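# Observations on chain architecture
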Amino acid sequence: GFAPEEMGDFIVARPDGIPIYNFAVTVDDHLMGITHVIRGEEHLSNTPRQLALYKAFNWVPPHFAHVPVVLAADRKKLSKRLHREAGLDVLHREGYLPEALLNYVALLGWSPGDGREIMSPDELIRLFSLERVSRGPAVFDLDKLNWMNERYLRSYPVEHLKELLEPYLGANQRVLGGEEHSPLPEVVIELMRERASTLSGLAAECRSFLEPPVSLGPEEAGVLAEDTASGVLGMFTEVLEAAPAGAVDWTALLDALRARSGLGMRKVYMPIRVAVTARRHGPELPVMLGILGRAEVLARVQRSLAAPAKAVD
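Residues numbered from 1 in each chain as written. Predicted model: local features only at pLDDT ≥ 70, side-chain atom pairs only at ≥ 80, totals over all residues. Heavy atoms only, no water.

### Some thoughts on the overall build of the chain
- Within the chain, the regular secondary structure consists of 16 helices and 8 strands.
- For 313 residues, the compact-globule formula gives about 20 Å, and the C-alpha radius of gyration of the chain, at 29 Å, lies well above that figure.
- Sorting the 313 residues of the chain into buried and exposed places 39% on the buried side.
- Within the chain, contacts between residues at least 6 apart in sequence are counted, and of these 68% link residues at least 24 apart.
- Within the structure as shown, the chain displays about 17,700 Å² of accessible surface, and the carbon and sulfur contribution to it stands at 55%. (Helix = DSSP H or I, 4+ residues; strand = E, 2+ residues; numbered from the N terminus. Rg over C-alpha atoms; globule rule 2.2 N^0.38 Å. Buried < 20%, exposed > 50% of the residue type's maximum accessible area, 1.4 Å probe, protein only. Contact = heavy atoms within 4.5 Å. Areas by Shrake-Rupley, 256 points an atom, 1.4 Å probe, with all protein chains shown as cover.)

Here you go:
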């Protein structure tokens, strides 16, 4: 309970007649028929004032519950001003899925008690109880949110992910298979979603399939600057042009290139990967080349030989 002397003779309105928070929220909640108020523990001191107002109006008060505040990684109270990384606008721009965010936020200071972490909204509604709310503050952990978002990304139907990705890809849905404005193939999404935590990250992974390299990081530029790189790319072009018409057996073609060059796998695979995607890492090279197709691969390698992408820091 609260001692009356702790509450004092509190103000309900300013001199100009505008009501202040405790009075306004009490009237507002009553008129909306609010039955339960669940809020942060910093509002605990407001509760006796609001209960006094309910009693003065002869209204039935709602049930009040106060939960611990959420802290940022620096152990300060999560703040729109100090912790922009947790702002809804930032989370939306980065491409966190609504179901994943709801699931994660529900677990900040509460758990179902059986160890499960991935739960649908219906499950959360069914399982939630105030009795299992922690008494200590929870910490907003971006790594944990990324993990949870990955789980949802990998569970979504690919056709649904394709729709969600469109705003993040923008004008990058360019050319694949020689057709302008061709949509992103679902096989690319299936392949690349294992490498991303968010929709913006997945879009970045998919862009290497949709546009030729225009810039290289310093390490990627270093790969193409190696003594053997241009020779490998030249031989790759010759071997590819000489390959029989029809579907390319990319594994056999790369094996033949290694035998012809006398070089190890890294010296052969890495310059091709960088020339084609501007990245040093990615899916298995034969798989990636197979998705891009002979014409696109050949055009990118020839472009790299004629005018290498610019290196950027």
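Anyway, onward from the coordinates.
### Observations concerning the pattern of salt bridges
- Applying the stated criterion across every chain, the model contains 16 salt bridges.
- For Asp114, the salt bridge is made with Arg116, and the minimal N-O distance between the two is 2.8 Å.
- Looking at Arg116, the relative accessible area reads 31%, which means it is partly exposed.
- Within this structure, Asp114, Arg116 and Glu123 form a network of salt bridges that share partners. (Salt bridge = Lys/Arg side-chain N within 4 Å of Asp/Glu carboxyl O.)

### Some details on the pairing of strand β1 (residues 36-40)
- In the sheet, β1 pairs with strand β2 (residues 63-67) via 5 bridges, with the strands oriented parallel. Across the sheet, the residue bridging to Ile38 is Ala65, located in β2.
- The handedness of the β1 to β2 crossover, carried by helix α3 (residues 47-57), is right-handed. (Pairing = 2+ DSSP bridges. Right-handed = clockwise from strand over helix to strand, strands pointing away.)

### Here we look at a negative patch on the surface
- Side chains of Glu159, Glu163, Glu166 and Glu186 sit close together on the surface and give a patch of like negative charge.
- Looking at the negative patch element by element, the count peaks at 3 residues for helix α8 (residues 158-169).
- Mapped onto the elements, Glu159 comes out in helix α8.
- Judged by its relative accessible area of 48%, Glu159 falls in the partly exposed class. (Patch = residues over 30% accessible without salt bridge, like charges linked within 9 Å, V, L, I, M, F, W, Y side chains within 5 Å. Lys, Arg positive; Asp, Glu negative; His and termini not counted. Charge placed at Lys NZ, Arg CZ, Asp CG, Glu CD.)

### A word on the packing of aromatic side chains
- Inspection of the entire model under this criterion finds 6 aromatic pairs.
- Here the aromatic rings of Trp110 and Phe128 are separated by 5.4 Å at their centres, their planes lie at 45°, and the arrangement is tilted. On the criterion of sequence distance, the pair formed by Trp110 in the loop between α5 (98-106) and α6 (121-127) and Phe128 in the loop between α6 and β4 (138-139) is long-range, its members being 18 residues apart.
- Phe128 gets classed as partly exposed once you look at its relative accessible area, which sits at 39%. (Phe/Tyr/Trp six-rings, centres within 6.5 Å; stacked < 30°, edge-to-face > 60°.)

### Observations regarding unusual backbone geometry
- Positive phi, close to 65°, is recorded for Arg75, a residue that is not glycine.
- The topology assignment puts Arg75 in the loop between β3 (70-71) and α4 (88-94).
- Phi angles above zero are rare outside glycine, and Ala278 is one such case at about 65°.
- Inspection of the secondary structure assignment puts Ala278 in the loop between α14 (265-277) and α15 (285-292).

### A look at α5
- Within the sequence span of α5, burial applies to Ala100, Leu101, Asn103 and Tyr104. Projected down its long axis, α5 shows its buried positions confined to an angular sector of 165°, all on one face.
- In this fold, the buried residues of α5 make contact with α4, α6, β4 and α7 (142-155). (Arc of directions from axis to C-beta.)

### Remarks on the confidence of the model for the chain
- Across the chain, pLDDT averages 89, with 93% of residues at or above 70.
- Segment residues 172-181 is flagged for pLDDT under 50; beyond a separation of four residues in sequence, or across chains, it makes 28 contacts in the model. (pLDDT = per-residue confidence, 0-100.)

### Side note on the nonpolar core
- Residues Leu202, Phe236, Ile272, Leu289 and Val297 are the most contacted members of the largest nonpolar core, which totals 66 residues.
- No other element matches the 7 residues that α14 contributes to this core.
- Not counting chain neighbours up to four residues away, the residues in contact with Phe236 comprise Trp250, Leu253, Leu254, Leu257, Ile272, Leu289, Val297 and Val301. (Core = buried A, V, L, I, M, F, W, Y, C linked by side-chain atoms within 4.5 Å.)

### Brief notes about helix α13 (residues 250-261)
- The end-to-end C-alpha distance of α13, which contains 12 residues, comes to 16 Å, matching closely the 16 Å that a straight helix rising 1.5 Å per residue would cover.
- On its buried face, α13 sits against α12 (229-242), α14, α15 and α16 (294-306).
- Once α13 ends, the next one or two residues include Gly262, with phi positive near 75°. (Expected span 1.5 Å × (residues − 1).)

### Things to note about the packing of α12 against α13
- Across the interface, α12 lies against α13 with an axial gap of 10 Å and an inter-helix angle of 130°. One finds that α12 runs oblique with respect to α13. The element α12 and its partner α13 pack so that their crossing is right-handed. Residues Val232, Met235, Phe236, Glu238, Val239 and Leu240 of α12 pack against Trp250, Leu253, Leu254, Leu257, Arg260 and Ser261 of α13.
- The class makeup of the residues in the contact of α12 with α13 is 9 nonpolar, 1 polar and 2 charged. (Axes fitted to C-alpha atoms, helices over the stretch in contact; angles between N-to-C directions. Parallel < 35°, antiparallel > 145°, perpendicular 65-115°, else oblique. Left-handed = near helix turned anticlockwise from the far one by under 90°. Nonpolar A, V, L, I, M, F, W, Y, C, P; charged D, E, K, R; others polar.)

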